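So you can see what is in the structure, the chains are spelled out below.
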Amino acid sequence: MPDYTVRLFFGTFARLTQVCITAMILLMKKLLSIFHSIARWLRPGLRIKRWFALVLFGITLLGLGFAVILIDLYRTDSTNETLLTILYYLSLRFLPRLLRAIIFGGIGIWLVVYGILQLNRSLLNPFIRPGHDLVDTLTDFQRRKRGPRIVAIGGGHGLATLLRGLKTETSNLTAVVTVADDGGSSGRLRESFGILPPGDIRNCLAALSNDEDRLTQLFQYRFSGAKELEGHSFGNLFITALADITGSFETAVVESGRVLSVNGQVLPSTLNDVKLVASMQLPFSSNEVRIEGESKIPTISGRVRRVWLEPDDAPAFPPVIKELLSADIIVVGPGSLYTSILPNLLVHDLLASIHASRAIKIYVCNIATQSGETDSFTCYDHIRALQDHVGEDLFDVILCNDNYSGTLSSDSRFVIADEKILEDPRTYTANLTEESHPWRHDSRKLTQIIMDIFYERTGPLS
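These lines cover the structure that appears in this document, whether it is placed above or below. Positions within a chain are numbered from 1, following the residues in the order the chain's sequence is written. Selection of residues for local features in this predicted model requires a pLDDT of at least 70, selection of side-chain atom pairs for listing and counting requires 80 or more, and totals for whole chains, interfaces and linings are taken over all residues. Only hydrogens and water are removed before side-chain values are computed, so all heavy atoms of the structure are retained for them.

**Side note on the packing of aromatic side chains**
Under the pairing criterion, centres of Phe, Tyr and Trp rings, with the six-membered ring standing for Trp, must be within 6.5 Å; the plane angle then separates stacked pairs below 30 degrees from edge-to-face pairs above 60, leaving the rest tilted. All told, the structure shown has six aromatic pairs when counted by the stated rule. Aromatic pair Phe219 and Phe238: ring centres 5.7 Å apart, planes at 70°, arrangement edge-to-face. A residue pair is termed long-range when its members are at least 10 positions apart, and Phe219 in helix H9 (residues 214–220) and Phe238 in helix H10 (residues 234–246) qualify at 19 residues. Judged by relative accessible area, Phe219 falls into the buried class, the value being 3%. In this scheme, a residue with accessible area under 20% of its type's maximum is buried, one over 50% is exposed, and one in between is partly exposed, where area comes from a 1.4 Å probe on protein chains only. Residue classification places Phe238 among the partly exposed residues on the basis of a relative accessible area of 24%. Arranged with centres 5.9 Å apart and planes meeting at 55°, the rings of Tyr404 and Phe414 form a pair that is tilted. Here Phe414 lies in the loop between strand E9 (397–401) and helix H16 (419–422) and Tyr404 lies in the loop between E9 and H16, a separation of 10 residues in the sequence. When its relative accessible area of 32% is taken as the criterion, Tyr404 is described as partly exposed. Only DSSP runs of H or I reaching four residues or more are called helices, and only runs of E reaching two or more are called strands; each is numbered from the N terminus.

**Topic: the pairing of strand E8 (residues 360–364)**
In terms of residue burial, E8 counts as a mostly covered element, since five of its five residues are buried. The two faces of E8 match: Ile360, Ile362 and Val364 on one face and Lys361 and Tyr363 on the other face are all buried. Note: strand E7 (residues 329–332) against E8, four bridges, orientation parallel. Across the sheet, Val332 pairs through a bridge with Tyr363, a residue of E8. The criterion for strand pairing is that DSSP finds at least two bridges linking the strands in question.

**Looking at the pattern of salt bridges**
By definition, a salt bridge exists where a carboxyl oxygen of Asp or Glu is found within 4 Å of a side-chain nitrogen of Lys or Arg. Counting across every chain of the model gives 11 salt bridges. Among the ionic pairs, Glu169 bridges to Arg143, the shortest N-O distance being 3.7 Å. In this pair, Glu169 sits in the loop between helix H6 (156–166) and strand E2 (173–177) while Arg143 sits in helix H5 (residues 134–145), placing the two residues 26 residues apart along the sequence. Judged by relative accessible area, Arg143 falls into the partly exposed class, the value being 33%. Note that Glu323 is salt-bridged to Arg149, the shortest N-O span being 3.1 Å.

**So, the packing of helix H8 (residues 199–208) against helix H11 (residues 249–260)**
In contact at an axis separation of 10 Å, H8 and H11 are set at 25° when each is read in the N-to-C sense. Judged by the inter-axis angle, H8 sits roughly parallel to H11. Relative to H11, the crossing made by H8 is right-handed. Between H8, through Ile201, Leu205 and Ala206, and H11, the contact on the second element is made entirely by Phe249, Val253, Ser256, Gly257 and Leu260. The residue inventory of the contact of H8 with H11, partitioned by class, reads six nonpolar, two polar and no charged. Only the stretch in contact is used when a helix axis is fitted, and all axes are lines through C-alpha atoms; the angle between N-to-C directions ranges over 0 to 180 degrees. Oblique is the label for any angle not covered by the other classes, which are roughly parallel (under 35 degrees), roughly antiparallel (over 145) and roughly perpendicular (65 to 115). The handedness criterion is simple: a crossing whose near helix is rotated anticlockwise from the far helix by less than a right angle is left-handed, and one whose near helix is rotated clockwise is right-handed. Any two residues having at least one pair of non-hydrogen atoms within 4.5 Å are treated as being in contact. Under the convention adopted here, Pro, Cys and the residues Ala, Val, Leu, Ile, Met, Phe, Trp and Tyr are nonpolar, Asp, Glu, Lys and Arg are charged, and Gly plus all remaining residues are polar.

**Let's talk about the nonpolar core**
Nonpolar side chains tend to gather and get buried jointly when the protein is soluble and globular. Residue types Ala, Val, Leu, Ile, Met, Phe, Trp, Tyr and Cys, when buried and joined through side-chain atoms within 4.5 Å, form a set referred to as a nonpolar core. Ranked by size, the top nonpolar core spans 92 residues in total, and within it Leu350, Tyr363 and Leu399 carry the most contacts. Ignoring any residue separated from it by four or fewer positions in sequence, one finds Leu350 in contact with Ile153, Val176, Ser269, Ala316, Val320, Leu324, Asn344 and Leu345. One finds Val112, Val113, Ile116 and Leu117 within the second-largest nonpolar core, a separate group that totals five residues.

**Focus on the pairing of E9**
In terms of burial, E9 is a largely internal element, five of the five residues being buried. Side-chain alternation along E9 places Val397, Leu399 and Asn401 on one buried face and Ile398 and Cys400 on a second face that is also buried. Bridging between E8 and E9 involves three bridges; their strand directions are parallel. From the neighbouring strand, Ile362 faces E9, where its bridge partner is Val397. Think of it like this: strands point away, you trace from the first strand over the helix to the second, and a clockwise trace means the crossover is right-handed. After leaving E8, the chain enters helix H15 (residues 379–390) and then returns to the sheet as E9, a path that is right-handed.

**What to know about the sheet that holds strand E6 (residues 303–310)**
With antiparallel pairing, three strands are arranged side by side in an open sheet as E5-E4-E6. The sheet terminates laterally at strand E5 (288–292) and E6, the two strands that pair on one side only. Averaged over neighbouring strand pairs, the angle between their axes works out to 20° when direction is ignored. The sheet contact formed by strand E4 (residues 275–281) and E6 spans seven bridges and is antiparallel. Considered in E6, the bridge of Met280 is made with Val304. This element, helix H13 (residues 337–345), spans E4 and E6 of the sheet and lies at about 40° to E6.

**Observations regarding the packing of H6 against helix H17 (residues 443–458)**
Taken N-terminus to C-terminus, the directions of H6 and H17 make an angle of 65°; their axes are 8 Å apart at the nearest point. By the angle between their directions, the pair H6 and H17 is classed as roughly perpendicular. Seen from above, H6 lies across H17 with right-handed handedness. Listed contacts from H17 to Thr161, Leu162, Arg164, Gly165 and Leu166 of H6 are Ser443, Leu446, Thr447 and Ile450. Tallied by class, the residues present in the contact of H6 with H17 amount to four nonpolar, four polar and one charged.

**Notes on the state of the cysteines**
We call a pair of cysteine sulfur atoms a disulfide whenever their separation is within 2.5 Å. Within this structure, the stated rule accounts for zero disulfides. Take Cys365: it sits in no disulfide, and the sulfur closest to it among the cysteines is that of Cys379, at 3.8 Å. Assessed through its relative accessible area of 0%, Cys365 is described here as buried.

**Focus: the side chain of His389**
Mapped onto the elements of the fold, His389 is located in helix H15. The exposure class assigned to His389 is buried, which follows from its relative accessible area of 12%. In the analysis that follows, any N or O atom pair within 3.5 Å is treated as a polar contact, provided that within protein one partner can donate a hydrogen and the other can accept it, and provided that, for residues neighboring in sequence, both atoms belong to side chains. From its side chain, His389 meets the backbone nitrogen of Val307 in a polar contact 3.1 Å long. Each residue touching His389, except ones within four places of it in the same chain, is listed here: Arg305, Arg306, Val307, Tyr338 and Leu342.

**Structural notes on a nonpolar patch on the surface**
Patch definition: residues with relative accessible area over 30% and no salt bridge; like charges joined within 9 Å; nonpolar side chains (Val, Leu, Ile, Met, Phe, Trp, Tyr) joined within 5 Å. Only the protein chains shown count as covering a residue, and every accessible area follows the Shrake-Rupley method with a 1.4 Å probe. A cluster of nonpolar side chains, contributed by Ile107, Trp110, Leu111 and Tyr114, occupies part of the molecular surface with about 400 Å² of accessible area. With respect to the helices and strands, the residue Tyr114 is situated in helix H4 (residues 97–124).

Function cannot be inferred from these measures alone, as they are strictly geometric.
The structure is reproduced here in structure tokens:
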């Protein structure tokens with residue numbers, strides 16, 4: 001019996017010890033988790049430590065004021081034994097002074113930090129996307145806020161692809177798009193309402209949206225069935241309606257950006273109603289014909305010899321000039337050479353601003369040729385066509401794709417980085433293709449190589 005009692009005692013003691021140790025481990029993990037959570041808020045760059053310090057300083061002053069009142073009460077009413085007893089235990093007078101300071105200070109700091117965290121969480125939760133951590137969201141916001149100032153010039157789906165990648169690196173992002181589009185929904189709205197074509201602007205706004213989900217899908221939705229709405233996109237109609245309400249196309253674009261919560265801004269290259277005109281050489285002939293209208297150029301069999309704007313003296317949109325002159329990086333392309341890129345560069349003020357800018361100027365060559373525009377073109381042919389229109393030495397970097405694996409459509413082929421372009425010291429080559437669609441740029445790959453080139457030349461921004 002005594003042996004059984006001893007075994008029972010030691011068995012119970014061992015289980016209690018195990019429970020206590022487990023409880024202590026769980027408590028330590030919880031404390032470490034809390035400290036880790038607090039430490040994340042003290043990361044460099046979040047710009048909140050100064051406000052924590054200010055709040056703590058203010059609370060310290062409040063605590064000193066409260067302590068002065070208690071000391072005065074203690075001294076003036078020292079005959080009240082009940083009050084003295086309460087104050088004795090509340091102030092932990094039975095403990096050493098240093099230990100009391102540590103206990104009160106630690107509890108105070110923890111309550112302040114915990115309260116601020118919960119307050120911030122309550123205030124910011126409506127603006128945080130589901131599944132995204134508050135600290136990570138704030139860290140990413142501050143990182144992109146300090147990102148380089150980038151101006152991307154072009155149009156169509158190529159520019160939208162570029163913007164989807166660049167918006168993850170910086171919020172100082174401006175897209176400049178052509179207003180020479182006269183086909184499809186944009187052309188019909190341009191003709192009916194006398195506004196600038198909203199199509200390329202709509203695509204860029206959707207690409208820059210912080211949440212390319214339902215609202216962006218709605219913005220890109222294209223009507224079908226009804227004769228009056230056939231082919232129109234909701235976004236084009238939305239921008240047109242806003243332009244009519246506000247009386248200003250540029251204001252309509254800004255308001256549309258606010259609706260979509262875009263990460264950056266989209267600007268038209270000019271506010272003038274311009275028309276793109278091309279001189280084309282017909283097949284098996286030395287004759288050239290004049291083609292008017294951006295949408296008609298790719299439909300004519302022949303080779304584009306030259307394009308220009310009418311009128312050719314359209315001034316650039318002033319905010320575009322401002323952004324170009326203050327940019328760290330200017331990216332031209334990808335996009336249709338003659339109908340998306342050159343219509344921007346043919347705005348004389350805009351081109352002069354690019355030349356005057358101290359930014360790194362990067363040209364992104366297309367991955368695949370475009371039927372009716374750049375049939376059989378190599379990378380060098382793209383550069384030569386640009387130089388024929390806007391002069392030499394516009395770009396500091398020529399970025400070409402060197403991955404030619406995958407299947408393209410029958411009327412398209414890969415744009416090869418030929419020997420002539422590889423001899424140019426400005427040329428960079430990399431695998432830029434999207435695996436599932438080898439005729440498109442992969443936005444992440446393209447963004448990574450652009451940022452690598454920038455930081456290689458300038459070093460990380462402070």
